[in-house]
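Listed below are the residues making up each chain.
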Amino acid sequence: MMLLALLLSITGIITLPLLLLRSGDARAERREWQRLLQYQPASPAHYSPALVDGLPEPARRFFHFAIAPGTPLLTVAEIHMAGRFSLGSRDRPGFRRMQATQVLAAPHGFVWQLQLPGLLPISGSDSGRWTRFFIAGLVPVARLGGDPDHALAAYGRCIAEALLWTPAALLPGPGISWQAVDADTARVTVCHNGLSQAVDITVAADGQPLQVQFMRWTNANAEHRYRRQAFGGYLSDFREVQGYRLPFAVQAGNQFATSEWFAFYQAQIVSIRFPSLA
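Conventions used here
Residues numbered from 1 in each chain as written. Predicted model: local features only at pLDDT ≥ 70, side-chain atom pairs only at ≥ 80, totals over all residues. Heavy atoms only, no water. Helix = DSSP H or I, 4+ residues; strand = E, 2+ residues; numbered from the N terminus. Rg over C-alpha atoms; globule rule 2.2 N^0.38 Å. Areas by Shrake-Rupley, 256 points an atom, 1.4 Å probe, with all protein chains shown as cover. Lys, Arg positive; Asp, Glu negative; His and termini not counted. Charge placed at Lys NZ, Arg CZ, Asp CG, Glu CD. Core = buried A, V, L, I, M, F, W, Y, C linked by side-chain atoms within 4.5 Å. Buried < 20%, exposed > 50% of the residue type's maximum accessible area, 1.4 Å probe, protein only. Contact = heavy atoms within 4.5 Å. Polar contact = N/O pair within 3.5 Å; in protein donor to acceptor, adjacent residues only side chain to side chain. Salt bridge = Lys/Arg side-chain N within 4 Å of Asp/Glu carboxyl O. Phe/Tyr/Trp six-rings, centres within 6.5 Å; stacked < 30°, edge-to-face > 60°. Lys NZ or Arg CZ within 6 Å of the ring centre and 35° of its normal.

Peer 1: Honestly, the overall build of the protein in this entry has me stumped. Any pointers?
Peer 2: Broken down by element type, the protein carries 3 helices and 13 strands. Taking 278 residues into account, the globule formula puts the C-alpha radius of gyration at 19 Å, and the protein, at 20 Å, falls close to it. Along the longest, intermediate and shortest principal axes, the C-alpha atoms of the protein span 80 × 50 × 35 Å. Carbon and sulfur atoms make up 59% of the accessible area of the protein, which amounts to about 13,500 Å² in all. In the protein, the 24 positive side-chain charges and the 19 negative ones have mean positions that sit 8 Å from each other.

Here is the structure:
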């Protein structure tokens, strides 16, 4: 009995701090989620093709495809997704079934809550402020963030995903500039709070986006050193959501448009909504 009591005591001593850590992370996720929701315009303007008259032709094509005339210009979305996520490499991908929810409020940030079910389930969240993941909801396996490298890497993701799911956030405005790359590709550059990211979007003749790509600040390399590397993906399965036409299938990864490209992120969107503050 004394041995059992000792083991239970040791287990409690080890487990309690981990439970408190995970509980604190969950509270931070909820606070950040609610903070980002507040960036949704309470009385949004409505889309008119005249809003993009001065943009390069591929960018005009994109917006005319993505936003129907008269659509409220909502810039914050909540996204539920499934699909596959790799914890491995191009040679040994080790794909896991994925479930995730996300709030996206470019350029202000995002929170991505991920679950990878399995024998050793992994869960946690990624955001502009942190990356935190746990095994079995208890044992921490990644705790990153709070530094300029992490902030810039996350910002690149935030701007690229806005092209996918919150196009109204990238209409002409302060800190947002567009330029032509070629006949079917436009580049948007977004500057916010000292961060800057350029992202290219390539569109079809009707304006449907085909791919996005950008030079992302990342340490996903053999040296684990932060540097700019090609990142991007392909978009498909477009559907209408509250006046927007958005991709419901995305394959993305590092070293895009090279022989080393690996689509470690393969998402199938379950639902997208633009919550109202009214």
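Peer 1: It is not clear to me how unusual backbone geometry should be interpreted in this structure. Could you clarify?
Peer 2: Glycine aside, residues mostly have negative phi angles, and peptide bonds mostly take the trans form. Going from Ala106 to Pro107, the amide bond is cis rather than trans, its omega being 0 degrees. Turning to its location among the elements, Pro107 is positioned in the loop between β2 (95-105) and β3 (109-116). Backbone geometry places Asp237, a non-glycine residue, at a positive phi of 55 degrees. By the element assignment, Asp237 lies in strand β11 (residues 227-241).

Peer 1: Would you mind showing me how to read the nonpolar core here?
Peer 2: In globular proteins that are soluble, nonpolar side chains generally tend to be buried together. Formed by 64 residues in total, the largest nonpolar core has its most connected members in Trp165, Trp178 and Tyr265. A per-element tally of this core places helix α3 (residues 148-165) first, with 9 residues. Judged by nonpolar contacts, the second largest core, of 7 residues, contains Trp33, Leu37, Val76 and Val103.

Peer 1: Explain the environment of Arg132 to me, please; I cannot follow it from the model alone.
Peer 2: Topologically, Arg132 is positioned in strand β5 (residues 130-135). Contact partners of Arg132, with chain neighbours within four places excluded, come to Asp25, Ala28, Ser123, Gly124, Ser125, Ala142 and Arg143. A polar side-chain atom of Arg132 sits 3.2 Å from a polar atom in the side chain of Asp25.

Peer 1: Would you explain the environment of Phe274 in this entry?
Peer 2: For Phe274, the location among the structural elements is in the segment after β13 (262-273). Among the residues examined, Phe274 registers a relative accessible area of 4% and is labelled buried. A C-alpha to C-alpha distance of 8.9 Å links Phe274 and Thr166, two positions 108 residues apart in sequence. Excluding its chain neighbours within four sequence positions, the residues that come into contact with Phe274 are Gln40, Leu74, Val76, Ala77, Trp165, Thr166, Val241, Gln242, Tyr244 and Leu246.

Peer 1: Just to check I follow, could you spell out the side chain of Arg61 for this structure?
Peer 2: Within the secondary structure, Arg61 sits in helix α2 (residues 57-66). Its relative accessible area of 13% is what places Arg61 among the buried residues. Here Ala204 takes part through its backbone oxygen, which lies 2.8 Å from a polar atom of the side chain of Arg61. Not counting chain neighbours up to four residues away, the residues in contact with Arg61 comprise Ala183, Asp184, Val203, Ala204, Ala205, Asp206 and Gly207.

Peer 1: What is the right way to read the pattern of salt bridges from this model?
Peer 2: Evaluated as defined, the whole model comprises 12 salt bridges. The closest approach of N and O atoms between Arg187 and Asp200, which form a salt bridge, is 2.6 Å. Of this pair, Arg187 sits in strand β8 (residues 185-192) while Asp200 is found in strand β9 (residues 195-203), placing the two residues 13 residues apart along the sequence. Here Glu223 and Arg227 are joined by a salt bridge, their closest N and O atoms 3.1 Å apart. The exposure class assigned to Glu223 is partly exposed, which follows from its relative accessible area of 45%. Its relative accessible area of 35% is what places Arg227 among the partly exposed residues. Through salt bridges with shared partners, a single network forms among Asp25, Arg132 and Arg143.

Peer 1: What is the right way to read the packing of aromatic side chains from this model?
Peer 2: Each aromatic ring pair is described using two quantities: the centre-to-centre distance and the angle formed by the ring planes. According to the stated counting rule, one finds 15 aromatic pairs in the structure shown. Relative to Trp178, the ring of Phe62 has its centre 6.5 Å away and its plane inclined at 35 degrees; by these criteria the two rings are tilted. Here Phe62 is found in helix α2, whereas its partner Trp178 is found in strand β7 (residues 176-182), with 116 residues between them in sequence. On the basis of relative accessibility, which here comes to 1%, the residue Phe62 falls in the buried class. Judged by its relative accessible area of 12%, Trp178 is buried. Between Phe85 and Phe264 the ring centres are 5.6 Å apart and the planes differ by 90 degrees, which places this aromatic pair in the edge-to-face class. With Phe85 in strand β1 (residues 77-86) and Phe264 in strand β13, this pair connects stretches of sequence that are 179 residues apart. Each member of the pair, Phe85 as well as Phe264, is classed as buried. Put simply, the rings of Phe85, Trp112, Phe214, Phe231, Phe264 and Tyr265 touch in pairs and so form one group of aromatic residues. Geometry around Trp112 places Arg157 over its ring, the cationic atom sitting 4.5 Å from the centre.

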